[in-house]
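Coordinate analysis (summary)
Listed below are the residues making up each chain.
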Amino acid sequence: MRTRTLFTSIAAAVLAMALQGRAQAAELRVVIGVAVPLSGALAASGQDAVNGVQMAIRKLNAEHAEIAGQPVHWAMDAEDDQGLPNQATLVAQKLADEHVNGVVGHQTSGCTFPAARIYSEAGIPQITPSSTAPKIAQQGYKTFFRMIANDNALGAGLADYAGKTLKASRVAVIDDRTAYGQGLADVFTATAKKLGMHVVDREYTDDKTTQFSAILTRIKSYHPDVVFYGGMYSQAGPLVRQMRQFGMQATLMGGDGICAPAMAELAGSDVNGTICAQGGVPLSQMPRGEAWKAAYDAEFGASAFQLYSPYAYDATMVLAHAMMKAKSPDPKVYLPFIRNVGLNGITGNDIRFTDTGELLHPSITLSMFKNGKKTPLAVEHVE
């Protein structure tokens, strides 16, 4: 009897181990690549985006999200593109060579523009949570998608506000010569002229400069009502401080690149009165924004939040839900499901995309920094 019991116990143990091994073998591993600046001047906003993806990955694993009935281990591969186009292409090729299942990134348009070709050639879907240059979508890559409104909406919205609300008649324009900065400044300039404003000066710098004395000396002589900057907060912060040191009272305006809280950290009290525009609506108006932000703060601390993490979170969920709808993590199989995924996310409900990868029915928010904090002024819906 003891021998039979022993054999039965051994057989049961062997069967259990076999079943466990089979279950483990059946588990899929799905890797979402993340490509953002994690070092350099834009590291804060890049880490913010990574935090958003990390939250989405944890939720998918906590909910045991399956694909075609198979258990999945969802994972993230975060890579540092340093905010540099050349580095972005190396990162994109690395992710392509590793056969990640999808990519969230890149952050800046200058990085997304060349990287998009690599993802297209590899057939890997890419969703940027932040790059706004219209020309990226115009390349015609079927693997490209973006979570926010593009620069055509941002630049035009800012120019419209400058003319109709601020009653500006004289504007000066500076851009950092990146794909993002120049493109945004071009749209603002063209729209300002159409609205009857006089563009008194157009200046150029680069995305590393923090000294603007020569440029501001020229601009000051034209007495502009508005100075528009096409670029990121890492330069706009020092720019507005130097404007005030020069005695210039003109309103500084810019796109989503200067909407981050880090702008106030760099500019101090001189940031007050600065007006920016970003794709999407304020967190308080997002369908699930406030609850999500509370969870974000609990995990990373309130000071970690910058701008793009809700969009990075939703970008991850779009990829995951497209895989689940397609019943496959194979990029070639689930790619067609992204366009009409219909996700009810943090940033919006029924998220879908156009044929060129643009977000369908996006919105933009114009904000002003008051007492060092970004305060929404108006929300505009883009058709």
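Structure shown above.
Worth saying up front: this structure is predicted, and the values here are computed from it rather than measured.

1. Remarks on the environment of Ser45
Within the secondary structure layout, Ser45 lies in helix α2 (residues 43-62). Through-space distance from the C-alpha of Ser45 to that of Asn86 is 19 Å; in sequence the pair is 41 residues apart. Setting aside its immediate chain neighbours within four residues, Ser45 contacts Gln107, Tyr233, Gln306 and Tyr308. In terms of polar contacts, Ser45 uses its side chain to reach the backbone carbonyl oxygen of Leu42, at 3.0 Å. Separated by 2.8 Å, the side chains of Ser45 and Gln107 make a polar contact.

2. Focus on empty space enclosed by the protein
For the structure shown, the criterion picks out one cavity of 30 Å³ or more. There is about 60 Å³ of room inside the largest cavity. Taken together, Gln107, Thr108, Ser109, Ser130, Ser131, Thr132, Tyr180, Met232, Asp256, Gly257 and Tyr308 form the lining of the largest cavity. When grouped by side-chain class, the residues that make up the lining of the largest cavity number three nonpolar, seven polar and one charged.

3. Focus: the pairing of strand β8 (residues 226-230)
Burial runs high along β8: five of the five residues are buried. Two strands pair when backbone bridges link them, and strand β6 (residues 170-175) and β8 are joined in this way by five bridges, in the parallel orientation. Across the sheet, the residue bridging to Val173 is Phe228, located in β8. Two elements, β8 and strand β9 (residues 251-254), share four bridges in a ladder whose sense is parallel. Note on β9: the bridge partner recorded for Val226 is Thr251. Between the parallel elements β8 and β9, the chain passes through helix α9 (residues 233-245) in a crossover that is right-handed.

4. Focus on the nonpolar core
Counting 56 residues, the largest nonpolar core has Phe188 and Met263 as the members making the most contacts within it. A per-element tally of this core places helix α6 (residues 151-164) first, with six residues. In this view, Phe188 contacts Gly155, Leu158, Ala159, Val171, Val173, Val226 and Phe228; residues no more than four positions away in its chain are not counted. Counting residues in each nonpolar core, the second largest holds 46 residues, with Ala56, Met147, Tyr296 and Met323 among its members.

5. What about the state of the cysteines?
Summed over the entire model, instances satisfying the criterion amount to one disulfide. Disulfide partner of Cys259: Cys276, at an S-S distance of 2.1 Å. Every disulfide takes its handedness from the sign of the S-S torsion; for Cys259 and Cys276 that torsion is 110°, giving right-handed. Of the two residues, Cys259 is situated in the loop between β9 and α10 (262-267) and Cys276 in strand β10 (residues 275-279); the sequence distance between them amounts to 17 residues.

6. What about the side chain of Thr112?
Considering the arrangement of structural elements, one finds Thr112 in helix α4 (residues 109-122). According to the relative accessible area criterion, Thr112 is buried, its value standing at 0%. Not counting residues within four places of it along the chain, the set of residues in contact with Thr112 comprises Gly105, His106, Gln107, Gln126, Thr128, Ser131, Ile136 and Phe144.

7. Topic: the side chain of Asp151
Assignment of secondary structure puts Asp151 in helix α6. Nearest to the buried, unbridged Asp151 among oppositely charged side chains is Arg146, at 6.7 Å. If we skip the residues at most four places from it in the chain, Asp151 touches Thr132, Ala133, Pro134, Ala156, Tyr180, Gly183, Leu184 and Val187.

8. A look at unusual backbone geometry
Most peptide bonds adopt trans geometry, and most residues besides glycine take a negative phi value. Residue His106 is reached from Gly105 by a cis peptide bond, and omega for that bond is 0°. Take His106: it is sitting in the loop between β3 (102-105) and α4.

9. Quick word on the packing of aromatic side chains
The geometry of an aromatic ring pair is captured by two quantities: the separation of the ring centres and the angle between the planes. Following the criterion strictly, the structure yields seven aromatic pairs and no others. On the numbers, 6.5 Å between centres and 80° between planes, the contact of Phe212 with Tyr229 is edge-to-face. Placement of Phe212 in the loop between β7 (198-204) and α8 (213-220) and of Tyr229 in strand β8 is noted, with a sequence separation of 17 residues between them. When sorted by exposure, Phe212 lands in the same class as Tyr229, which is buried. Arranged with centres 5.6 Å apart and planes meeting at 85°, the rings of Tyr296 and Phe305 form a pair that is edge-to-face. We classify Phe305 as buried; its relative accessible area is 13%. Clustering of aromatic rings is evident, with ring pairs tying together Trp292, Tyr296, Phe300, Phe305 and Tyr313. The ring of Phe305 has Lys293 lying over it, and the distance from NZ or CZ to the ring centre is 5.1 Å.

10. Brief notes about the sheet that holds strand β4 (residues 126-128)
In spatial order, the strands read β2-β1-β3-β4-β5; together these five strands make up an open sheet with parallel pairing. Of all strands in the sheet, those with a lone pairing partner are β2 (72-80) and β5 (144-146), marking the two edges. Geometrically, the sheet is characterised by an average inter-axis angle of 20° between neighbouring strands, direction not taken into account. Where strand β1 (residues 28-36) meets β3, four bridges bridge the pair, whose relative direction is parallel. Looking across to β3, one finds that Ala35 is bridged to Gly105.

11. A word on the layout of surface pockets
Size it by volume and the largest pocket reaches roughly 600 Å³. The wall of the largest pocket is formed by 22 residues, among which Pro261, Leu283, Lys293, Phe305 and Lys374 lie closest to the centre. Of all the secondary structure elements, the ones that give two or more residues to the lining of the largest pocket are α11 (289-300), α12 (309-326), β11 (363-370) and β12 (373-381). Of the residues in the lining of the largest pocket, the class split is twelve nonpolar, six polar and four charged. In this structure, the second largest pocket encloses a volume near 340 Å³. Split by residue class, the lining of the second largest pocket holds eleven nonpolar, nine polar and three charged.

Criteria and cut-off values
- The residue count restarts for each chain, going from 1 along the sequence in the order it is written.
- A pLDDT threshold of at least 70 governs which residues receive local features in this predicted model, and a stricter bar of 80 or more applies before side-chain atom pairs are shown or counted, although totals over entire chains, interfaces and linings include all residues.
- Only heavy atoms go into the side-chain values, all of them from the structure, while hydrogens and water stay out.
- A run of H or I in DSSP counts as a helix once it spans at least four residues, and a run of E counts as a strand once it spans at least two, with each numbered from the N terminus.
- Contacts were defined at the residue level, with two residues in contact if any of their heavy atoms lie within 4.5 Å.
- N or O atoms within 3.5 Å of each other form a polar contact, as long as, within protein, one can give a hydrogen and the other can take it, and as long as residues adjacent in sequence are counted only when both atoms are side-chain atoms.
- With a 1 Å grid laid over protein atoms only, a set of points is called a cavity when a 1.4 Å probe fits there but cannot get out and a pocket when it is open yet has protein on both sides within 12 Å along at least five of seven lines; lining residues have an atom within 4 Å of a point.
- Grid points are joined across faces, edges and corners, and a volume is the space filled by probe spheres set on the points.
- By the convention adopted, Pro, Cys, Tyr, Trp, Phe, Met, Ile, Leu, Val and Ala count as nonpolar, Lys, Arg, Asp and Glu as charged, and the other residues, Gly among them, as polar.
- Each residue is placed in one exposure class: buried if its accessible area under a 1.4 Å probe, protein chains only, is under 20% of its type's maximum, exposed if it is over 50%, and partly exposed if it falls in between.
- Whether two strands pair depends on DSSP finding at least two bridges between them.
- The handedness of a crossover follows from its direction of travel: if, with the strands pointing away from the viewer, the path from the first strand over the helix to the second runs clockwise, the crossover is right-handed.
- In this description, a nonpolar core means a group of buried Ala, Val, Leu, Ile, Met, Phe, Trp, Tyr and Cys residues linked to one another through side-chain atoms lying within 4.5 Å.
- We call a pair of cysteine sulfur atoms a disulfide whenever their separation is within 2.5 Å.
- Positive charges come from Lys and Arg alone, negative charges from Asp and Glu alone, with His and the N- and C-terminal ends not counted.
- Salt-bridge detection follows one rule: a side-chain nitrogen of Lys or Arg within 4 Å of a carboxyl oxygen of Asp or Glu.
- When two rings of Phe, Tyr or Trp (its six-membered ring) have centres within 6.5 Å they constitute a pair, described as stacked for plane angles under 30 degrees, edge-to-face for angles over 60, and tilted for the intermediate range.
- We count a charge as sitting over a ring when the NZ of a lysine or the CZ of an arginine lies within 6 Å of the ring centre and within 35 degrees of the ring normal.
- Axis angles are defined between N-to-C directions and span 0 to 180 degrees, where every axis is a line fitted to C-alpha atoms and, for a helix, only to the segment in contact.

Nothing here speaks to function; it is geometry throughout.
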